Amino acid sequence: MDTTRKEQLEQFIQVLGLGEFHNFLILDQALTHSSYANENKANHGYYNERLEFLGDAILDLVVGEYLFLHYPHMPEGQLSKARASVVSESPLASVCMKFHMGDYLLLGKGEIATGGRTRPSMLADAFEAVVGAIYIDSSYEEARKFILHQLKDYLDLVDSGHYEKDYKTIFQEYVQQDGPQHIEYRLCRTEGPDHDKTFYMEILVNGKVLGEGSGKSKKYAEQHAAHEALTRLKGK
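All residue numbers refer to positions counted from 1 along the written sequence of the respective chain. It should be noted that, the model being predicted, local features are given only for residues of pLDDT at least 70 and side-chain atom pairs only at 80 or more, the latter also being counted only at that level, while totals for whole chains, interfaces and linings use all residues. Processing note: side-chain calculations cover all non-hydrogen atoms of the structure and skip hydrogens and water entirely.

**Examining unusual backbone geometry**
For His 100, which is not a glycine, the phi torsion comes out positive at approximately 50 degrees. Going along the chain from the N terminus, every DSSP run of H or I of four or more residues is numbered as a helix, and every run of E of two or more is numbered as a strand. With respect to the helices, strands and loops of the structure, His 100 is situated in the loop between helix 6 (89-98) and helix 7 (109-113). The buried label applies to any residue whose accessible area, calculated with a 1.4 Å probe on protein chains only, is under 20% of its type's maximum; exposed applies above 50%, and partly exposed to all values in between. The exposure class of His 100 is exposed, given its relative accessible area of 51%. Its identity as a non-glycine residue notwithstanding, Asn 206 has a phi of 55 degrees, on the positive side. As for its position among the elements, Asn 206 is in the loop between strand 2 (198-205) and strand 3 (208-215).

**Some thoughts on the nonpolar core**
Residues Leu 31, Leu 67, Val 130, Phe 146, Ile 147, Leu 151 and Phe 171 are the most contacted members of the largest nonpolar core, which totals 65 residues. With 10 residues, the top contributor of residues to this core is helix 8 (residues 120-137). We call two residues in contact when some of their heavy atoms are within 4.5 Å. Residues contacting Val 130, with those up to four places away along its chain left out, are Phe 12, Leu 16, Ala 30, Leu 31, Met 101 and Phe 146. By convention a nonpolar core is built from buried Ala, Val, Leu, Ile, Met, Phe, Trp, Tyr and Cys residues, the set being connected through side-chain atoms within 4.5 Å.

**As for helix 8**
With 18 residues, helix 8 ought to run about 26 Å at 1.5 Å a step, and its terminal C-alpha atoms sit 26 Å apart, in line with that. Counting buried positions over the 18 residues of helix 8 gives 14, a clear majority of the element. Every helix has an expected span of 1.5 Å times one less than the residues it contains.

**Overview of the environment of Tyr 174**
Among the secondary structure elements, Tyr 174 is positioned in helix 11 (residues 167-175). With 60 residues separating them in the primary sequence, Tyr 174 and Lys 234 have C-alpha atoms 9.5 Å apart. Discounting residues that sit within four places of it in the chain, Tyr 174 has contacts with Leu 230, Leu 233 and Lys 234.

**Some thoughts on the UniProt feature "active site" (unreviewed entry) in the protein**
UniProt positions are given in the numbering used here, feature names are shortened, and annotations may be inferred rather than shown by experiment. UniProt annotation of "active site" (unreviewed entry) refers to Asp 56 and Glu 128 when read in the numbering used here. Taken along the chain, the residues just named run across 73 residues; in space they keep tight, none of their C-alpha pairs more than 5.5 Å apart. Tracing the backbone through its elements, the reader meets Asp 56 in helix 4 (residues 49-70). Secondary-structure assignment places Glu 128 in helix 8. The exposure class assigned to Glu 128 is buried, which follows from its relative accessible area of 11%. The contacts of Glu 128, once residues within four sequence positions are left out, are Leu 51, Glu 52, Gly 55, Asp 56, Leu 59 and Leu 92.

Set out below in structure tokens:
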């Protein structure tokens, strides 16, 4: 591993607040897509699919354990739905976008050209792989702390009973508790070529901007904007 990549990984560790990390190679593997490994077989023979498999299992266990202990009267069917909502692609990708995880991924040229760095499925897979890397490098307890911290907002939705709803619906219900409000989603700008656009949407309530979100489609950007606005309002 060259110095530039090691410095990049050190920055990534700081951004995520992981503290001390020992095995940089396992973290590099977690952030390496198979497309990059296939293009660089001579000097990069590993990629993150096995760590995704491990991280996915740990995510299910951690979130399942949390829900089981915190909601002793919740039936099995509801527990399964709640867990599925928390560990689904959208929440994992949203967490990764906050940290610009895509900037740290090693991708093949084709994946880069088609927007792999911001693709929700790619980011969600990378999140799972990073969870696997934390477990291998440290312990189950460290992986558990990381997961519960990063997914706190989504676990809180279970407590409010909103976990089966989309963020636009949740936001609308939240701001209209005291009466009707005018909610508007507005396209701010787009970036990138036609085949790989990123959309940036604002959410306004009674003409006031409360949040902004981005995504590879207007629908995803609206959901992201609603989530950001909801987080800000609840934070106040």
